[in-house]
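Inside the fold
Below, each chain spelled out in residue letters.
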Amino acid sequence: HGLLFHHGIGRKRDPFGLGLTGVIAGRLGRDEVLRAIRTRRCYATSGSRIVLSMRVDDQPMGSVLAAPPGKPVLVEVEVQAPALIVRVEAVGATGVVAAEEPRNNLARLRWRIDPKGTFVYVRVTLEDGEMAWASPCFFEAPRPRGPRIDKRKRDPKGGAGARPVARRRSNA
């Protein structure tokens, strides 16, 4: 990590400081770890061995959720840290949308928030300045329901529409 501009807040002024990535996978195998990273079931720390879990409406971090306008979502966070946790924040497109100061090494928090933006993630700050960031959950507007529109090209002679043509591959 080590970058001052990362998420607007940085702790280390050493550009070569090492961060850690936490991965939430069912098993500790190559395929499972890569799948967890690709589906954003992971989080970052500034180097401290912080354990972080975030769920939004019972979906794990990194999920894409339908967010009906004006309906609050439940954000659940669990943090276990080697130093005192001084602040846990839920951050959305408009900034910090919820925060608590547990002053403990273990925190279990629940917030009901209105997702006024397209994402929410959790940022954790420890007493020693170490930090952790959850992968965000993303919100998509529900898709409107209505008549299905056939976008296929119409046959100029009034037929039902273009149909896919199976083509054979030649070996030539």
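Residues numbered from 1 in each chain as written. Predicted model: local features only at pLDDT ≥ 70, side-chain atom pairs only at ≥ 80, totals over all residues. Heavy atoms only, no water.

1. As for the overall build of the chain
Defined as follows: Labels follow the DSSP assignment, with helices taken as runs of H or I lasting at least four residues and strands as runs of E lasting at least two, numbered in each case from the N terminus. Note on classification: 1.4 Å probe, protein chains only; a residue is buried when its accessible area is under 20% of the maximum for its type, exposed when over 50%, partly exposed between these limits. Throughout, a contact is declared for two residues whenever any of their heavy atoms are within 4.5 Å. Areas reported as accessible are Shrake-Rupley estimates using a 1.4 Å probe. Residue values count occlusion only from the protein chains shown.
A count of helices and strands for the chain gives one helix and 11 strands. Listed N to C, the secondary structure of the chain is β-α-β-β-β-β-β-β-β-β-β-β in terms of helices and strands. Scored against the burial criterion, the 172 residues of the chain give a buried share of 32%. Across the chain, the fraction of contacts at a sequence separation of at least 24, relative to all contacts at a separation of at least 6, is 56%. When the accessible surface of the chain is summed, it comes to about 11,900 Å², and 51% of that surface belongs to carbon and sulfur atoms.

2. Structural notes on the side chain of Ser 46
Applied cut-off: Between N or O atoms, a polar contact is any pair within 3.5 Å; within protein, one atom must be a potential hydrogen donor and the other a potential acceptor, and residues adjacent in sequence are included only when both atoms are from side chains.
Examined against the element boundaries, Ser 46 turns out to sit in the loop between strand S2 (42–45) and strand S3 (51–56). With relative accessibility at 1%, the residue Ser 46 sits in the buried group. One polar contact links Ser 46 to Glu 130, side chain to side chain, over a distance of 2.4 Å. Within the local environment of Ser 46, its side chain forms a polar contact with the backbone nitrogen of Met 131, the two atoms lying 2.8 Å apart.

3. As for the pairing of strand S9 (residues 119–126)
Our working definition: Strands qualify as paired when DSSP identifies two bridges or more between them.
Burial analysis of S9 places six of its eight residues in the buried class, which makes it a mostly covered element. With two bridges connecting them, S9 and strand S11 (residues 137–140) associate as antiparallel partners. What sits directly across from Phe 119, in S11, is Phe 138. As paired elements, S9 and strand S10 (residues 131–134) share three bridges and run antiparallel to each other. Each residue of the ladder has a partner; that of Val 124, found in S10, is Ala 132. Hairpin connection between S9 and S10: a loop of four residues separates the two successive antiparallel strands, and Gly 129 in this loop has a positive phi of roughly 90°.

4. A closer look at the environment of Ala 83
The residue Ala 83 is located in strand S6 (residues 73–92) in this model. Here Ala 83 falls in the buried class, since its relative accessible area comes to 14%. When the C-alpha atoms of Ala 83 and Asp 128 are compared, they prove to be 6.8 Å apart, with 45 residues separating the residues in sequence. Discounting chain neighbours no more than four positions away, the residues touching Ala 83 are Asn 104, Asn 105, Leu 126 and Asp 128.

5. Concerning the side chain of Ser 63
Looking at the element boundaries, Ser 63 is found in the loop between strand S4 (59–60) and strand S5 (64–66). A polar contact is formed between the side chain of Ser 63 and the backbone oxygen of Pro 60, at a distance of 2.6 Å. Here Ser 63 is in contact with Arg 41, Pro 136, Cys 137 and Phe 138, once residues within four sequence places are set aside.

6. Here we look at the packing of aromatic side chains
Defined as follows: Aromatic contacts are taken between Phe, Tyr and Trp rings whose centres are within 6.5 Å, Trp giving its six-membered ring; a plane angle under 30 degrees counts as stacked, one over 60 as edge-to-face, and the others as tilted.
Within this structure, the stated rule accounts for one aromatic pair. Measuring from centroid to centroid gives 6.3 Å for Phe 119 and Tyr 121, while their planes differ by 15°, and the two rings are stacked.

7. Regarding the pattern of salt bridges
Note the threshold: By salt bridge we mean one thing: a side-chain nitrogen of Lys or Arg within 4 Å of a carboxyl oxygen of Asp or Glu.
Using the criterion set out here, one finds seven salt bridges in the structure. The partner of Glu 89 in a salt bridge is Arg 87, and the shortest N-O contact between them spans 2.7 Å. With relative accessibility at 8%, the residue Glu 89 sits in the buried group. Arg 87 sits in the partly exposed class, given a relative accessible area of 28%. Through salt bridges with shared partners, a single network forms among Arg 87, Glu 89, Glu 101 and Arg 123.

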